[in-house]
Every structure is written in structure tokens, then in C-alpha cells.
Amino acid sequence: MRMKRIVSLVLTLMLTAGLLAACAADAPPAGESGSQAASQAGEQAASQPDASEGESAAPQSDAAFVGGWPYSTVPTGHYNMFVPGAIELKFYRELHQLPLATYRAATDEYVPMLASAWEISESGDTFNVTLREDAKWFTGEAFTSKDVWTTFMLYRLVNNPVWSYVESIEQVSDTEVSFKVSTPTPLILRYVLRKPMVDYATYGEYADRVQALLDEGKDSASDEWATLVNDFTLFRPETVNATGPYYLDPARVTESNVELLKNENSFLADTVKFAKVLVYNGDVPDLTPLVLNGEVDFLTHQFPAASMETFEGMGYATLQVPGVDGLAIYFNEAVKPLDQVEVRQALAYVIDRARVGELALPGVSRGTKYVSGLGDAMTEKWVDASGLTDYQVDHAKAAELLTAAGLTNDGSQWLKADGSPFTLSLQCPSTWSDGSTAASEVAAQLTAFGIKTTFDGIDGTMRQTNIDEGTFELAVSFFGTAQPHPMFAFETPLLLSNANSPKGLGYPMVQETERFGTVDLSTLIAASTAGWDEAAQKEAIVQIVGTVNETVPYLPLYTKYSKYIYSDGLRTGWNGDAALYENSAGDDSFAVIMILSGELAPL
């Protein structure tokens, strides 16, 4: 069975106040986002134009592409790409460590990179990948199947989700790899093809140790496996090998920036048009002076509207992308009466999401239309939204629900069943300017309704910990996904922050619903990615979305229609297919793809 291939001194002073209200880089922390929909490849993938077939004009000798991303430096930061704290530079990593393929959302296809072709076997039990024969590492060695094997054995060690669908990996030849499929799913293409590859020379010792344990019948439950995980977590490579057109030299990593230099051994060395790539460290306040000086080419950071207006006046272009993810309120059901669905529904009817979206980050954030757990566009793509409760502001309905849940109102304050005031505390990282604005507005709205709510600003590093440990009543956190498959929108709220946490939301994964009866969300989440039939997956997604809509374990507040600045016509020429902008800027970066293809060039 085969599948379709998814193949800028004055200006600074003017902007200071705005900067204090600015958002950080527009992406969730590592580990809070996942992957996608199905495909087939095979000989069709081989017919895709080779990345090295782009324009061949030589780059300017000193031309640099300049971007930004916050990163830690040594000793906190390190170069073990599989362990938290790695200096990997988010999407810029693919400029030095290529994946097997890139992804284009507009056509729902994968485009060959280190791989030249791939296919699902007719029986559907193997996923076979053919590698390029001309790919080399910065150190000069050929890129082979042993490097692919190494990459995935390490992903097995760190329990990457790909191993929920793959049973084993075989090096068929130097240029052929075969993955034994344990659980059929279209996600296997994304999980395999979009992983940046690492080398055996750097990581081979640990890959070999994983295999040795497997040969001994040891698995992740064994003490030996735990010891190896600990050893690998402490592993700190001194170098970062590269197949991409640039390489990361630890000697070029400073507190200010990372300088990626040209890798002449890469098959893309003559395709890219920049001699180097500079990635500056920091968030909005750190990078604004660089923009004001006209030194930046692309940023995913979200700047205040006044700053954006200034940048546009300088000649910067802007690009606004569809909203796919944003911020939501998580409910702690261990705190009564939040355990009652009627109370959570009532809060949804009280909170004016449109108003919250207008205030949070004007011009970027928009209140959610649907309470589905997905961005609005994805909701409309995957389910019939007409069957969802819209939760438009309705104080009368909210009062009816609270009364049904046993609460009373003394004329100014809602009281719980025991007669005590129904009050709430809403946590949000203080440094999240848009989130803090949203949380303050939500608190004001609930208080005006008679549920006194306070905004509790916390350190950003405590956000997930507090949720995991259940030390919150209401908490602002992420929802939605930039990935092509909706399953990943449910990973963080329902799994990471709930079922797989010590306490989390305290939301039972088995729910009694009016629409579907008894629903097991764990089973449905698994079913939403299982098999090669997308129609069956949609049935599971419909039930997950409907259950989230009815039981409201968390309330999506707004999505971010992120607005990026880029230097088209000012410093660079962005000559690629405009359809590329449908890609997620963080997960399938259009900027990176255009650099790799030579479509993005200096003026």
C-alpha cells in the first residue's frame, strides 16, 4: 500500500515603552509542539528538482543573512542536540544539520534533502528511504545510512514519539534505510523525514550502546537503560558536524551571536547565496536596536505595533501568517468547583475572548471563534464546526449553569455550595506581555461578573512545573499547533499537562459526554494518528474536538496571527514561491527553505 507524498538613538528612546510590552520569540518552548499528516513518495520523490539545481550565482564574499533566536551559552548551553539546553538555534539548525526532507504546506508534500526518495511498502509494514549519494559531512566523511541509524537509535534512547510507530531500523546499504512499521500512521513520514541528522562519528558510541542493550533484551524499563540515559544526558560533544551549507563552530558562539560559516563540503555549498548566517541572541528588547540599525533580515519575534510601524517606515517588509496556535486558560479540576463541567462552561460564557484578543497584542492576537483545542482554521478543516457550542458571551447562560452546579449569588458575589465566596487566582508568566495583558483582562471580566479573580504573575520557568504539580487554580499556557496534523494540538494540554503529569489539570481522560456518550480520550488520541486512512482519523478528531468543546478542560483565548519583519527589497531579495509562506515559520521555516534552495539572496 502506498501513500500520497506530503512532500532600528532617538528611535530607541521612542520605542522603549513599547518594548516593555513586547512579546518574546513567537514559538513555544521545546517539547511543546509535534508533527503532521500523511503521504506517499517513492519514485515521485525522486522526480522532485534537486536542491542544488537552483540559481548558481556565487554569493557576495561577505554577504550574511541575519536572524535571531534566544539561546544559552556554555556552560548552560551545550552541543548535545538531543538534550534540553542544546545550542541548536531552533529552525536555523537545519542550515547546518539537514533533515532527510523539507515540507511545503501549500502542496502538502515533502521535498528531498538528504534523502532522494522514500516509499511505504505495498504491505504497509516498512518505510523505505533512499539517501543522496553526494552528501558529505563537514569533516569530509560521506553521509550514509549509519548516520541515519545513529540518529534514530538516539531518538529511541530519549523516547522520541517516532518509536511509538517504528519497531526497528535496518541499514540495507550505505544509501538505503528501512524502518519496520509497528503502528501504521501517516505521521511516520514527518517523524522520519523532518529529523535533522547527526553523525556516527560524534554519537556512535551511544547508538552502539543502545543496540547492545536491545540485543540483551533490555528496554526502557531496565536499570541499564536508565544508566545509559543518564550517561547520554551528561554527554557534551565539543564539535557539531554538519551536512548543511553552513556549520556551527563552537568557537564562533558568543553571548551576542552565533556565526554559521560556509561548509564547502556540503552539496548545497554552491546553491546558497550567503557567505554566512548570523543568529543574534535574545528577545525583542535585545534585537530591536539591530532592526533600527537596518542589520536584520528576518525575525519571528513579535514587536509592538508602534515598533512595527517604525520598521516599515525604514523599508522593512512585513508578513502576517494565519493563526494556528496561541494561549489558553487551563483549569485545575482538583480545585472545587472547577471539577464541575457546568462551572467551566459558565466561565467560558463569561470571558469575552474577542475583547481579550483585541487587547493582548493588537494587530496580532485574535480571540478564538471556536472552543475546540485547535486554531480556528484547523477546526474548520477537520470538523463540522456547526456542531460546536460557540460560547459567545452570555452572562444569563453562565448564571444558569452556575446555579445548576449548586452555586448561589448574593447580589454581588457568587458563592460556592458551602457558602464561601467563589474566588480564583489566574497564573501567567510576568514576562509574557501579551499573556499578562490577557490574564489581567480575564481577571477583570470574571471579577465584574461576581467571581473575584486575581492575576498572579509568576516566573516563566515555573509555568509548566506549576501546572504539572497542580499548584494553580487557573493558568495561562499554550494551545493549538503549527503542525499539519491536529493530534499535536492535544499533546500538551491533555497529555503533557494532564495525563502524563504528577497532578496536572486533574482532568479524567475518560469523559461522559452528551454528544458521544463515554469517551476515552487516550484511545481517541492514539486512533487519530493510527493507520493509513485519514477518514478514520477524522472520526477520532471529531470526537476529541467535540469532547473538549463540551467539557472545556481548557479555554482557548486567542490565536496569534504572527506578524514578522523581513528585509525584502532592503537587504535581501525573497524570490521564492509565495505559497511557501503557508509553512509554519518555526516548524517548517520558509526562510530556511529559501536559503537552502538559493531563492533568498543578498541585494
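Each remark here, short or long, concerns the structure printed above.
This text gives an overview of the structure that appears in the document. All values derive from a computational prediction rather than experimental measurement. (Residues numbered from 1 in each chain as written. Predicted model: local features only at pLDDT ≥ 70, side-chain atom pairs only at ≥ 80, totals over all residues. Heavy atoms only, no water.)

### A look at the sheet that holds strand S11 (residues 298-299)
Now for step 1: Strand order in the open sheet formed by three strands is S11-S23-S12, with antiparallel pairing between adjacent strands. Edge positions in the open sheet fall to S11 and strand S12 (317-320), since each of these has one partner strand only.
Now for step 2: Across two bridges, S11 lies against strand S23 (residues 563-566) in antiparallel orientation. Bridge pairing in S23 places Phe 298 opposite Tyr 566.
Now for step 3: Contacting S12 and S23, helix H8 (residues 305-314) runs over the sheet at an angle of about 30° to S23. (Pairing = 2+ DSSP bridges. Helix = DSSP H or I, 4+ residues; strand = E, 2+ residues; numbered from the N terminus. Contact = heavy atoms within 4.5 Å. Axes fitted to C-alpha atoms, helices over the stretch in contact; angles between N-to-C directions.)

### Some details on the environment of Asp 520
Now for step 1: Note that Asp 520 resides in strand S21 (residues 517-520).
Now for step 2: In this structure Asp 520 comes out as partly exposed when scored by relative accessible area, which is 31%.
Now for step 3: Only 3.2 Å separates the side chain of Asp 520 from the backbone nitrogen of Thr 523, close enough to count as a polar contact. (Buried < 20%, exposed > 50% of the residue type's maximum accessible area, 1.4 Å probe, protein only. Polar contact = N/O pair within 3.5 Å; in protein donor to acceptor, adjacent residues only side chain to side chain.)

### Overview of the packing of aromatic side chains
Now for step 1: Summed over all chains, the structure comprises 32 aromatic pairs.
Now for step 2: Ring geometry for Phe 152 against Phe 179: centres 5.0 Å apart, planes inclined by 80°, an arrangement best described as edge-to-face. Of this pair, Phe 152 sits in helix H3 (residues 145-157) while Phe 179 sits in strand S7 (residues 176-181), and the two are 27 residues apart along the sequence.
Now for step 3: With relative accessibility at 1%, the residue Phe 152 sits in the buried group.
Now for step 4: According to the relative accessible area criterion, Phe 179 is buried, its value standing at 1%.
Now for step 5: Among the aromatic residues, ring-to-ring pairing joins Phe 82, Phe 127, Phe 152, Tyr 155, Phe 179, Tyr 203, Tyr 206, Phe 232 and Phe 235 into one connected group.
Now for step 6: Sitting over the ring of Tyr 155, Lys 195 keeps its end group 5.2 Å from the ring centre. (Phe/Tyr/Trp six-rings, centres within 6.5 Å; stacked < 30°, edge-to-face > 60°. Lys NZ or Arg CZ within 6 Å of the ring centre and 35° of its normal.)

### Focus: the pairing of strand S3 (residues 109-112)
Now for step 1: Residues Glu 109 and Val 111 of S3 are buried on one face, and the alternating residues Tyr 110 and Pro 112, pointing to the opposite face, are buried as well.
Now for step 2: Pairing of strand S2 (residues 101-104) with S3 involves four bridges; the strand directions are antiparallel. Counted as the bridge partner of Tyr 103 is Tyr 110 from S3.
Now for step 3: The antiparallel hairpin formed by S2 and S3 contains four residues in its connecting segment, where Asp 108 sits at a positive phi of about 55°.

### What about the side chain of Asn 583?
Now for step 1: Along the chain, the position of Asn 583 falls in the loop between strand S24 (572-574) and helix H18 (590-597).
Now for step 2: On the accessibility criterion, Asn 583 (3% relative accessible area) is buried.
Now for step 3: Of note is the side chain of Asn 583, whose polar atom sits 2.9 Å from the backbone oxygen of Asp 588.
Now for step 4: In contact with Asn 583, other than residues within four places in its own chain, are Tyr 103, Arg 104, Ala 105, Asp 588, Phe 590 and Ile 593.

### With respect to the pairing of S23
Now for step 1: Bridge count between S12 and S23: four bridges; the pairing is antiparallel. Bridge pairing in S23 links Leu 319 to Tyr 564.

### Digging into the sheet that holds strand S1 (residues 64-68)
Now for step 1: Strand order across the open sheet formed by four strands is S1-S10-S9-S8, with mixed pairing between neighbours. The open sheet has two edge strands with one neighbour each: S1 and strand S8 (246-253). Geometrically, the sheet is characterised by an average inter-axis angle of 25° between neighbouring strands, direction not taken into account.
Now for step 2: Relative to strand S10 (residues 276-280), strand S9 (residues 257-262) runs antiparallel, the two sharing five bridges. Bridge pairing links Asn 257 to Tyr 280 in S10.

### Overview of the packing of H3 against helix H5 (residues 200-215)
Now for step 1: At a closest axis distance of 8 Å, the pairing of H3 and H5 adopts a crossing angle of 60°. Taken together, H3 and H5 sit at an angle that is classed as oblique. Between H3 and H5 the crossing geometry is left-handed. Residues Lys 146, Asp 147, Trp 149, Thr 150, Met 153, Leu 154, Arg 156 and Leu 157 of H3 touch H5, and the partners they reach there are Tyr 200, Tyr 203, Gly 204, Tyr 206, Ala 207, Asp 208, Val 210, Gln 211 and Leu 214. (Parallel < 35°, antiparallel > 145°, perpendicular 65-115°, else oblique. Left-handed = near helix turned anticlockwise from the far one by under 90°.)

### A look at the environment of Thr 139
Now for step 1: The residue Thr 139 is located in the loop between strand S5 (126-131) and H3 in this model.
Now for step 2: Between the C-alpha atom of Thr 139 and that of Asn 265, which follows or precedes it by 126 residues, the distance is 7.9 Å.
Now for step 3: Beyond its immediate stretch of four places on either side in the chain, Thr 139 contacts Asn 241 and Asn 265.
Now for step 4: At 3.0 Å, the side chain of Thr 139 forms a polar contact with the side chain of Asn 241.

### Section: the pattern of salt bridges
Now for step 1: Tallied over the entire structure, the rule returns 17 salt bridges.
Now for step 2: One salt bridge in this structure joins Lys 180 and Asp 125, with 3.6 Å as the shortest N-O distance. Taken together, the residues Lys 180 in strand S7 and Asp 125 in the loop between strand S4 (115-120) and S5 connect sequence positions 55 residues apart.
Now for step 3: A relative accessible area of 30% means that Lys 180 is categorised as partly exposed.
Now for step 4: The closest approach of N and O atoms between Arg 252 and Glu 259, which form a salt bridge, is 3.0 Å.
Now for step 5: Residue class for Glu 259 comes out buried when judged on its relative accessible area of 14%.
Now for step 6: Several salt bridges converge on common partners, so that one network encompasses Glu 94, Arg 190, Arg 194 and Asp 588. (Salt bridge = Lys/Arg side-chain N within 4 Å of Asp/Glu carboxyl O.)

Spatial relationships are all this shows, so hold off on functional conclusions.
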